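# Architecture at a glance
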Amino acid sequence: MKKGLIAFLLFGLVTFVSAAPDADVYSVLDFGAKADGKTDDTAAFQKALDAASEAGGGIVYAPGGNYFFAGHLNLPKAVTLKGVWESVPAHNGYRDHGASKPVDGGTTFLVTENEGNEDGAPFITLHDNSTLKGVVIYYPNQISDDEPKPYPWAIAMRGKNPAVLGVELLNPYNGIDASQNERHLIRDVQGQPLRRGIFVDEIYDIGRIEDVHFNPWWSLKPRLFRWQQEHGEAFIFARTDWQYVFNTFCYGYNIGYKFVKSETGECNGNFLGIGADDCYAAVDVEDSAAFGLLISNGEFTSFHGPDPTMVSIGAGNTGSVRFENCAFWGPCNQIAKIDGHGTVGFGDCTFVQWDRNKEGRAAIQANGGSVLVRGCEFQEDKPQVDVEQNVRRAVVTDNILTGKARITNHSSHHVIISNNSDDQ
């Protein structure tokens, strides 16, 4: 009798534990979604999302299938839209024969609305505490071998604590608009956004971007890829306070990481383990906040374009930019061009290649502001640092130089050049 009672109670407990979450899960198939790649599933998805919202929140589940969308979606607060993927997949089958394609399996969204209209509604807009997870976003009508068609943002993040997790942005024109929100979380996102990857602005409470990888898996056809390198911007940061960016990478853009000033201000933040490969400019700073851009453990290459330069600091910069323990390589023209009125520092960095055309260009050319170059290694026997006349202050000390020291100073202001170890 006791054994039977215990078994009954255990069975009831297991049933309760396993069944409870199902009460908060809504399948889009139950609301009319067809997942056949041709029937418009927009209305069915929105009905499921609204039903979850009316119940106080929940998970809207999209089982494996190809979902066609002629419209756009709004994720209400406290609602998660979830596909089958627990970690971001990769689909390079349109580029590489025999590899998997987005329509081969899993949860894939086929997006078609607002073709040619960059200013239209985003495909998916998140609100307070809403999450998009485990799906592939694919634009089947996008051009793979020429200038791409404009589309609006694939995802817009609004409100408090919106999250995008485990999502493949295979080929959007514009990826994620992470502006006008608080504490956004973007994690485990990959793909090939063509014009813009992630844009951040109007953030007054800390946002986080982690493990994002933009690589040309969808198409490397010459005319499209050349357009991407001439126009594409992978990460764009305007006003965002205490932004955290961790383990991010981009390949083949005009600018890898771009910092601008918007109507609401500039960026300050912590950028750890970031990388930009084969971008015309790896880091471009038009302006930054006085509190600083702290860039650590970065890896950067630039070797294509009219003037491949790893770091470009514009004449409008008034803030502080620091590179610590970063590596720069690839046959570029220069490692850094520095202008403006702010302070730019390089500490414990490795400079491998520059002056690819043997024009006598210095690795670091400082035209304005204040400059710190300390404890770095210059691996080529070429000019290392050029301090021009408008530089207000400069400290170039304790560096390791290959060949002879070629550090020039044209500034009449306070400049310290000392304790640099060369081969002479």
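See the structure printed just above.
Residues numbered from 1 in each chain as written. Predicted model: local features only at pLDDT ≥ 70, side-chain atom pairs only at ≥ 80, totals over all residues. Heavy atoms only, no water.

### A closer look at the overall build of the protein
Short version of the rule: Counting from the N terminus, the helices are the DSSP runs of H or I reaching at least four residues and the strands are the DSSP runs of E reaching at least two. In this scheme, a residue with accessible area under 20% of its type's maximum is buried, one over 50% is exposed, and one in between is partly exposed, where area comes from a 1.4 Å probe on protein chains only. By definition, residues are in contact when any of their heavy atoms lie within 4.5 Å. The Shrake-Rupley method, run with a 1.4 Å probe, gives the accessible areas here. Residue values count only the displayed protein chains as cover. Asp and Glu are treated as the negative residues and Lys and Arg as the positive ones, with His and the ends of the chain left uncounted. Where a charge lies is defined by one atom per residue type, namely NZ (Lys), CZ (Arg), CG (Asp) and CD (Glu).
Helices and strands together make up the secondary structure of the protein, namely three helices and 40 strands. In terms of overall dimensions, the protein has C-alpha extents of about 90 × 55 × 40 Å along its principal axes. The 424 residues of the protein split such that 54% are buried. Long-range pairs, those at least 24 residues apart, make up 60% of the contacts in the protein with a sequence separation of at least 6. Summed over its atoms, the accessible surface of the protein is roughly 17,500 Å², and 50% of this surface lies on carbon and sulfur atoms. Mean positive and mean negative side-chain charge positions of the protein (35 and 53 charges, respectively) differ by 2 Å.

### Focus: the pairing of strand β27 (residues 309–313)
The condition that has to hold: In this analysis, strands are considered paired if DSSP registers two or more bridges between them.
Where burial is concerned, most of β27 is hidden: four out of the five residues are buried. Note that strand β24 (residues 281–285) and β27 share four bridges and pair parallel. Its bridge partner lying in β27, Asp-284 is registered against Ser-312.

### Description of the packing of aromatic side chains
The criterion, for reference: Between rings of Phe, Tyr and Trp, where Trp is taken as its six-membered ring, a pair exists when centres lie within 6.5 Å; planes separated by under 30 degrees are stacked, by over 60 edge-to-face, and by other angles tilted.
Using the criterion set out here, one finds 26 aromatic pairs in the structure. Both rings, one in Phe-235 and one in Tyr-257, keep their centres 4.8 Å apart while their planes meet at 5 degrees; by these two values the pair is stacked. One end of the pair, Phe-235, is in strand β19 (residues 233–237); the other, Tyr-257, is in strand β21 (residues 255–259), and 22 residues separate them in sequence. A relative accessible area of 0% means that Phe-235 is categorised as buried. Using a relative accessible area of 0% as the deciding quantity, one classes Tyr-257 as buried. Members of the aromatic cluster, connected to one another through ring pairs, are Phe-300, Phe-323, Phe-328, Phe-346, Phe-351, Trp-354 and Phe-378.

### So, the pairing of strand β37 (residues 391–397)
Two elements, strand β34 (residues 369–374) and β37, share six bridges in a ladder whose sense is parallel. Directly across from Ser-370, in β37, lies its bridge partner Arg-393. Two elements, β37 and strand β40 (residues 414–418), share five bridges in a ladder whose sense is parallel. Note on β40: the bridge partner recorded for Val-395 is Ile-416.

### Looking at the pattern of salt bridges
Oppositely charged side chains can form a pair if their charged atoms are brought close together. Quick note on the threshold: In the sections that follow, a salt bridge refers to a side-chain nitrogen of Lys or Arg positioned within 4 Å of a carboxyl oxygen of Asp or Glu.
In total, this model carries 21 salt bridges according to the counting rule given. A salt bridge links Lys-82 to Glu-86; the nearest nitrogen and oxygen atoms lie 2.9 Å apart. Classification of Lys-82 by relative accessible area gives buried; the value is 16%. It is possible to trace a salt-bridge network through shared partners that takes in Lys-160, Glu-182, Arg-183 and Asp-205.

### A closer look at helix α2 (residues 42–54)
What counts, and what does not: Multiplying one less than the number of residues by 1.5 Å gives the expected span of a helix.
Between its first and last C-alpha, α2 extends 18 Å over 13 residues, near the 18 Å set by a 1.5 Å rise per residue. Among the residues of α2, Thr-42, Ala-44, Phe-45, Gln-46, Ala-48, Leu-49 and Ala-52 are the ones counted as buried. Of the residues flanking the end of α2, it is Gly-56, one or two places downstream, whose phi is positive at about 95 degrees.

### Observations regarding unusual backbone geometry
A positive phi is found at Asn-161, a non-glycine position, where the angle reads about 60 degrees. Position of Asn-161 relative to the elements: it lies in the loop between β12 (159–160) and β13 (163–169). Assessed through its relative accessible area of 32%, Asn-161 is described here as partly exposed. Positive phi values are uncommon outside glycine, yet Arg-183 reaches one of about 60 degrees. Position of Arg-183 among the secondary structure elements: in the loop between β15 (181–182) and β16 (185–191). A residue is classified by how much of its surface remains accessible, and Arg-183, at 28% relative accessible area, is partly exposed.

### Focus: the nonpolar core
Quick reminder of the rule: In these notes, a set of buried Ala, Val, Leu, Ile, Met, Phe, Trp, Tyr and Cys residues joined through side-chain atoms within 4.5 Å is what counts as a nonpolar core.
Within the largest apolar cluster, 95 residues are counted, with the highest numbers of intra-cluster contacts made by Phe-109, Ile-137, Ile-155, Phe-300, Phe-323, Phe-328 and Phe-346. Per element, the largest residue contribution to this core is five residues, and it comes from α2. Sequence-distant contacts of Phe-300, that is, excluding residues within four places in its chain, are made with Ile-274, Ala-276, Ala-282, Val-283, Ile-295, Met-310, Phe-323, Cys-326, Ala-327, Phe-328 and Trp-329. Residues Leu-110, Tyr-138, Leu-194 and Trp-218 belong to the second largest nonpolar core, which totals six residues.

### What about the environment of Gly-319?
Checked against the element boundaries, Gly-319 lands in the loop between β27 and β28 (320–324). A C-alpha to C-alpha distance of 17 Å links Gly-319 and Ser-296, two positions 23 residues apart in sequence. In this structure Gly-319 touches Asp-287, Ser-288, Ala-289, Ala-290, Gly-342 and Thr-343, once residues within four positions along its chain are discounted.

This is a description of form; function is not addressed.
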